[in-house]
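Each chain, written out:
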Amino acid sequence: MNAREAPGPGTSLEIRLLGEVGARRDGRAVNLGGRRQQALLAHLVLAGGRAVSADRLIEELWAGEPPDGAAATIRSYVSRLRGILGPEAAIVGRAAGYALEVPPDTVDATRFEQLAERGRAALHREETRGAAEQLRAALDQWTGPALAGLADDGELRFAAERLEALRLSVQEDRTEAALALGETAGLVDELEGLLVDHPYRERLWRLLMLALYRAGRQADALAAYQRAWKRLRDDLGLEPGEELRALEAAIVRQEVPAAPAPVERENLPHPTTIFVGREAELGAIERHLVEARLVTLTGIGGVGKTRLALEASRRTATAWTDGPWFIDLSALAEPDLVARAVAGALGVVEQSDESVVDRLAARLRPVDALLVLDNCEHLRAACADLAQRLLSAAPLLRILATSREPLGVGGEVDLAVQPLGTPAAHDDPESIGDSDAVRLFLARANDARPGITADPATLEAVATIARDLDGLPLAIELAAARVKALSIAQIADRLGDRFRFLVSWRRLAPDRHRTLKEAMDWSYDLLDERERALLRGLSVFAGGFTLEAAAAVCAGDGDATDRLERLVEASLVIAEERAGAMRYRMLETVRQYAAGRLAESGEAKVLHEAHAAWFVRLAEEAESELTGDRQAEALADLEIEHDNLRVTLAQLDAAGDAERRLRLATSLSRFWYVRGYLAESRRWLERSIGGVADAPPLLRRRALTAASAVALLQGDYPAGVGFAERSLAAATESGDQRLIANGLSNLGAITLAAGDRPRARTLLQQAVALARSIDDTRIAALAINNLGDLALTEGDYGRAQPLFEESLALLRQRGDSANIARSLFNLGSVELMLGATGAAAGRFRESVELGRETGDKEDLAWCLLGLAGVAAWQEDGAAAAALLGAGGALLEAIGAAFKPFERLLHDDTAARAIVLTGAETFAIERARGAAWSLDAAIGEALDLARRTEAATG
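What counts, and at which threshold
- The residue count restarts for each chain, going from 1 along the sequence in the order it is written.
- With pLDDT at 70 or above as the cut-off, local features in this predicted model cover only qualifying residues; side-chain atom pairs require 80 or more to be listed or tallied, and sums for whole chains, interfaces and linings still use all residues.
- Only hydrogens and water are removed before side-chain values are computed, so all heavy atoms of the structure are retained for them.
- Per the convention used, a helix needs a DSSP run of H or I reaching at least four residues, while a strand needs a run of E reaching at least two, with both numbered from the N terminus.
- For each residue, the accessible area found with a 1.4 Å probe, counting protein chains only, is set against the maximum for its type, and the residue is called buried under 20%, exposed over 50%, and partly exposed in between.
- Residue-level accessible areas treat just the shown protein chains as cover; the underlying method is Shrake-Rupley with a 1.4 Å probe.
- Working convention for charge: Lys and Arg count positive, Asp and Glu count negative, and His plus the chain ends are omitted.
- Charge positions come from single atoms, namely NZ of Lys, CZ of Arg, CG of Asp or CD of Glu.
- Whether two residues touch is decided by their heavy atoms; if any such pair falls within 4.5 Å, the residues are in contact.
- Criterion for a salt bridge: a side-chain nitrogen of Lys or Arg within 4 Å of a carboxyl oxygen of Asp or Glu.
- Note on ring pairs: Phe, Tyr and Trp rings are taken, using the six-membered ring of Trp, and paired if centres are within 6.5 Å. Classes follow the plane angle, with under 30 degrees stacked, over 60 edge-to-face and the rest tilted.
- A ring is considered to have a charge above it if a Lys NZ or an Arg CZ atom is located within 6 Å of its centre and within 35 degrees of its normal.

1. As for the overall build of the protein chain
Next, step 1: For the protein chain, the helix and strand inventory stands at 44 helices and 12 strands.
Next, step 2: The principal-axis extent of the C-alpha atoms belonging to the protein chain is close to 110 × 80 × 50 Å.
Next, step 3: Out of the 953 residues belonging to the protein chain, those deemed buried represent 53%.
Next, step 4: Total accessible area on the protein chain stands at roughly 40,400 Å², and carbon and sulfur atoms take up 50% of it.
Next, step 5: Distance between charge centres in the protein chain, computed from 111 positive and 143 negative side chains, equals 2 Å.

Here it is, written out as structure tokens:
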């Protein structure tokens, strides 16, 4: 059986050593940087998870002549590689040095050695066909000389020589297996090429002689022996070995055993269009067919199961002694016809004294074959029964089935076929062009109208189409076929009505593939009415849903488990596990189809109301947890449901339900603030506050407080002061001392930012005194923190420090992660201003770790600035500039403005960094930091913090 291999399931990163050292993520090349940075990665990979000391790396990278600062350069290389490779490749610092931890199948050299070992073992067991496939797959890992361009000297040279020696041995083994199978095509030229570089290797001469003889070239085979004899004698003074001499004698007497003639038997249809992409899926199918006897490709209609099964069968055709056989069941209506269709394809004649299944079992019992049962979904029970019977009777038989849901046979491997990968919204043209969905569209579009070029504008339009159509191959092909009459931009504009627009006029297309709607109708009609009702109802969700939400919204709090599981089995709903819980979603194409069915049913109003009620309640319950120990979990829950919450706001707005809209916007305000959705928060809060003149006073106060906080962070101080004054007035009117203290504190903070320090001092002192008197820990902590911020802004660090420490202690009692992170930043800022860089780095590090946990982008941005200040104090101007760039980019992304102290910190750090680096280098490094992903920026910041803490004791 064929055993070609690719990176394992779920592995998007691939590291390459067998050729030029490189890396790919999701099939796209990753820039690893310069030659030394590539060499460092190679050393870490070849160490196999063992630590490599910094001294050893310096010795290898600079060939014993390191420059000053080599250790710092190594640290920089490591830091950059962490950001480049991402979470799948962990470079960990240990006492002994650095170690790279990656899944084994991430590295091509590891896959090569594993495949080579399996191939040799199969060859030893005389499993020749399997050996040939394993060894061929091993050699497929190579793209050029091992460690090309890096193997001039040192340990990398020895590693490359070892890999090349193993490669040669595998080439010989693979040739041995091919000759045993009777294959000779191309072998003579390949062996002649290998002998140019390895002229004294007798095994290569023996294989060449055998390949020539098997190809009917007896005289050339004897001449090859003479060449070998002469080369060995003239250059080494040696005679050919016994094995080579014996083969020469057998060729003279024509007593070399003939290889069995390869059997070519199959009935596979031959598609008229090229196959695009799906390399990982093809590898998975081939691997599973080695180990399992029934593999079922499942997936929604139009996802490309049939074409994938055909391509996998075609690629493995020579692996089956008795061939692959394709049986299309789509046109059958009766279960009894399944066995007869298989018998007809195999030429098995039905007889009156024996059932067709028994005849099939007898026919297949001795054969090594692959049956491809296509379109089993409407005859699942019959297909499952037949598969069970045949697999039990025929030990060498394999079955590859396609169905919209598994057959349910014991030992079945269910491989879910996903839509094609689509480009991200901001991908560059090269990345867009690498997308399988885009490649498919362009291939089919050029079939319909040759000459379509992949210029940037075209690629962008095709990327939009691919995303809108969920990467569904059928939908993409139907869209591409319209290029005969429409431009690609015109096609993209018409996908809002995809079910009427995507129609095929090809006469040979199956009925269910002539329109996108017919493909969906085929799946819908296979459901019972209760399952159809659930599918229709689920269309009200956006961005996914939980089992509990589905039950409450679509089943009136009844149990929806069985029906939902059936929709998952039918590939109409996608189930994904997140943090130990299942979450469900539908492709947008399926959701739109279900929404159309919902509109026809008359159930839409009831279900949209149930959806709104569920998510208003969810937001209000989550709000109560946003200041305590479950803060991070509650924020994560709201993030996951953000699309549903946005839909709910829009529905309430459209329905004129002003009070519930205000309740929802207010409940979400802290989440929006922490996660950096400032513009969205401001828009909904202002719209909701202005739309409910008679809202309950306490609700209005909460909304005004939230609006003032957002305006403060956006730098809109006049609006922020206005919102805060109205909020304080509402609190005063209520007479609730706790709310009054909170209102005084918020107004004081905004007044401080606006530059009115005397008023801010009065307000904040009143807030602290009142909060202390009523013994409210949280409000006291926030008010004390704000008073400390006043001292910090005025440069009174001796006054600021104890206030921040008191606030932090109170917040730790409550477990309020977001505000703890804020207090840590403030304390770190004081310590930085006092020159205690180690202590400051520790505060900033802890704040970053908390901010990463909660997703608090504001605090993360401030801490990036704080650690830039640490770098500047440590005279690392490049790191300071890069972290300033990262922090500034993050603030810009969320639409936040600098507050007074943070602006002072930024400007002072920038000035120090420019002196250290020069203006030109500062600009380059700042731009580099601004281009980092948030994860990369956090990684760089934490590395700097830990190094500073270690260096300062």
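After that view, the rundown keeps rolling.
2. As for the side chain of Q631
Next, step 1: Take Q631: it is sitting in helix α28 (residues 631-640).
Next, step 2: Judged by its relative accessible area of 1%, Q631 is buried.
Next, step 3: The contact partners of Q631, leaving out residues within four places of it in the chain, are E625, L626, R670, D816, S817, A818 and T854.

3. Overview of the pattern of salt bridges
Next, step 1: Tallied over the entire structure, the rule returns 71 salt bridges.
Next, step 2: With a closest N to O distance of 2.9 Å, K517 and D521 form a salt bridge. Note that K517 and D521 are positioned in helix α22 (residues 516-525) at a spacing of four residues, about one turn of the helix.
Next, step 3: Its relative accessible area of 36% is what places K517 among the partly exposed residues.
Next, step 4: You can call D521 buried: its relative accessible area is 16%.
Next, step 5: The residue R822 makes a salt bridge to E858 at a minimum N-O spacing of 3.0 Å. Here R822 is found in helix α38 (residues 817-833), whereas its partner E858 is found in helix α40 (residues 857-873), with 36 residues between them in sequence. Take R822 and E858: they sit in the same class, and that class is buried.

4. Here's the deal with the packing of aromatic side chains
Next, step 1: Applying the stated criterion to the full structure yields eight aromatic pairs.
Next, step 2: Taking the centre distance of 6.1 Å and the plane angle of 45 degrees together, the rings of W862 and F898 count as tilted. On the criterion of sequence distance, the pair formed by W862 in helix α40 and F898 in the loop between α41 (877-894) and α42 (900-917) is long-range, its members being 36 residues apart.
Next, step 3: Chaining the aromatic ring pairs together yields one cluster made of F541, F545, Y584 and F615.
Next, step 4: One Lys or Arg, K857, reaches over the ring of Y677 and ends 5.9 Å from the middle of that ring.
Next, step 5: Lying over the aromatic face of W873, R912 brings its terminal NZ or CZ to 4.5 Å of the ring centre.

5. Examining unusual backbone geometry
Next, step 1: Non-glycine residue D470 carries a positive phi angle of around 60 degrees.
Next, step 2: Mapped onto the secondary structure, D470 falls in the loop between α18 (456-468) and α19 (473-480).
Next, step 3: Residue class for D470 comes out buried when judged on its relative accessible area of 15%.
Next, step 4: Notably, E875 is not glycine yet its phi reads approximately 65 degrees, a positive angle.
Next, step 5: Its place among the elements puts E875 in the loop between α40 and α41.
Next, step 6: A relative accessible area of 62% means that E875 is categorised as exposed.

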